[in-house]
Amino acid sequence: MKRTVMPAVMASLLFALVLVTLPGESQDTLEPTWDQIAQAKHEKGLSHAAPGSDRAFKAQLKLDRLEAWREGRPQAGFPDEFAQVLHDMRVPSDRETHEYEPGYRFRQLEKAPRSPAIHDKSLTWQMRGPGNVAGRARGIIVDPIDPSGDTWFIAAVGGGVWHTTDAGTNWTELTDDMPTLAIQSLAQAPSNGNVLYAGTGESFYNIDTMHGNGILKSTDRGVTWAPLASTVNDVRFNNVSRIIVDPTDPDIVVCSTTVGRYKLSVDDMSYIFRSTDGGATWNVSHTEVGFRVTQVIATPGWFSTQYAAVDGLGIYKSIDAGVTWTEENDGIFDFSGRFELAIHPVYTNYIYASAEGASSAELWVSVDGADNWLQTVEIGSGDNWLGGQG
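It should be emphasised that the depicted structure is a prediction, and the values quoted were computed from it without experimental measurement.

Draft legend 1. Examining helix α3 (residues 34–48) more closely. A rise of 1.5 Å per residue sets the reference length of α3, with its 15 residues, at 21 Å; its end C-alpha atoms lie 22 Å apart and thus fit the reference within 8%. Of all the positions in α3, only D35, A38, H42, E43, G45 and L46 are classed as buried. Projected down its long axis, α3 shows its buried positions confined to an angular sector of 160°, all on one face. Looking at α3, the residues exposed on the side facing more than 90 degrees away from the buried face are K41 and K44.

Draft legend 2. Focus on the nonpolar core. In this structure, Y197, I215, F237, I243, C255 and W282 are the most contacted members of the largest nonpolar core, which totals 17 residues. Those elements that provide at least two residues to this core are β9 (239–245), β10 (253–258) and β11 (269–275). Those residues within four positions of W282 in sequence are excluded, and the remaining contacts are I215, L228, S230, T231, F237, V253, C255, F273, R274 and S275. Core analysis: the next-biggest nonpolar cluster, separate from the first, contains 14 residues, I297, Y307, F339 and I343 among them.

Draft legend 3. Seen up close, the sheet that holds strand β2 (residues 152–156). Taken in spatial order, the 4 strands make up an open sheet running β1-β2-β3-β4, and their pairing is antiparallel. Strands with a single pairing partner mark the edges of an open sheet, and in this sheet they are β1 (137–142) and β4 (172–173).

Draft legend 4. Representation of unusual backbone geometry in the model. Phi at A167 is positive, roughly 60°, even though this residue is not glycine. With a phi close to 80°, A370 is a non-glycine residue in the positive phi region. Within the secondary structure, A370 sits in the loop between β19 (362–366) and β20 (374–375).

The rules behind the values
- Residues numbered from 1 in each chain as written.
- Predicted model: local features only at pLDDT ≥ 70, side-chain atom pairs only at ≥ 80, totals over all residues.
- Heavy atoms only, no water.
- Helix = DSSP H or I, 4+ residues; strand = E, 2+ residues; numbered from the N terminus.
- Expected span 1.5 Å × (residues − 1).
- Buried < 20%, exposed > 50% of the residue type's maximum accessible area, 1.4 Å probe, protein only.
- Arc of directions from axis to C-beta.
- Core = buried A, V, L, I, M, F, W, Y, C linked by side-chain atoms within 4.5 Å.
- Contact = heavy atoms within 4.5 Å.
- Pairing = 2+ DSSP bridges.

Pasting the structure below:
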């Protein structure tokens, strides 16, 4: 049986032959660089690997990383191995599981001495990078109390809650004393702008997901914050994806949460919670196993009608302010990946659902309050505008 030699391998052999036979050149000028040696090695490995095998996948991935390095592009990694490393870092070599109980950060913070020296912010810091790593903000509030529109609050996944009063020219951090800086959702009570809620964690299952621990609340327009005791150390509130507040009552709150993908000791579950006492207590109004509720949204001017997006399952609806939920997916036939919802601010029966889709992003529209859905047709070749995270 003849063996077919891949063109890439032929090129590598020809390159090596030229190195040996070219006359009049010094050995220094002909010596291959490290990346050329690596390329030849990985191409050879790829040629000997069975198509579709793990060995072939890793060899091709290394070649792609090498090409990305040459072109100055970000290089692909090994997300599963990275997640395992993060887990193993906390496990002693002579044990199989770690001993960090949920909420250990809060407990350690409570034990820390509250001396003024610890909170001294007069130290001078100088930025040392890296400067090429972007952060992400998953939540933003434009404070309606400020008629200029220049006062904002943002939720930074790796940096806490930040505040600006000059449309982003200058920023002040507000939650650096909290034991977690992972914030992904924000809500301000329309009837009392001094009341804000911040949901910790991250619910989109990216490899660098930062898990949180409950909900933070402020009653002085963001000046001070405190964790809601009812949510701390409860794995159901590891990641609070969205929060909405009744426009007439700052104590009525609905939120969606996920346990988290890399919480190896707990089931992959997701919830919708409802509170009528400002977060002192919560009732579970909806539970998902193996699927994620990543958004809850209320109809403008009518808080009783709410919608929830469930990745992989579609759309749910509540007509009793989040107490009960029913599935509303008539007409939707592709439930792949993530869903994001928007409601028309005037014609509130018009609901828009962007979907990650099996092969490309999709936009579904309902004109009857999610009773029926129609898929829109995109003309041309636009970008794949909705993915797993954005």
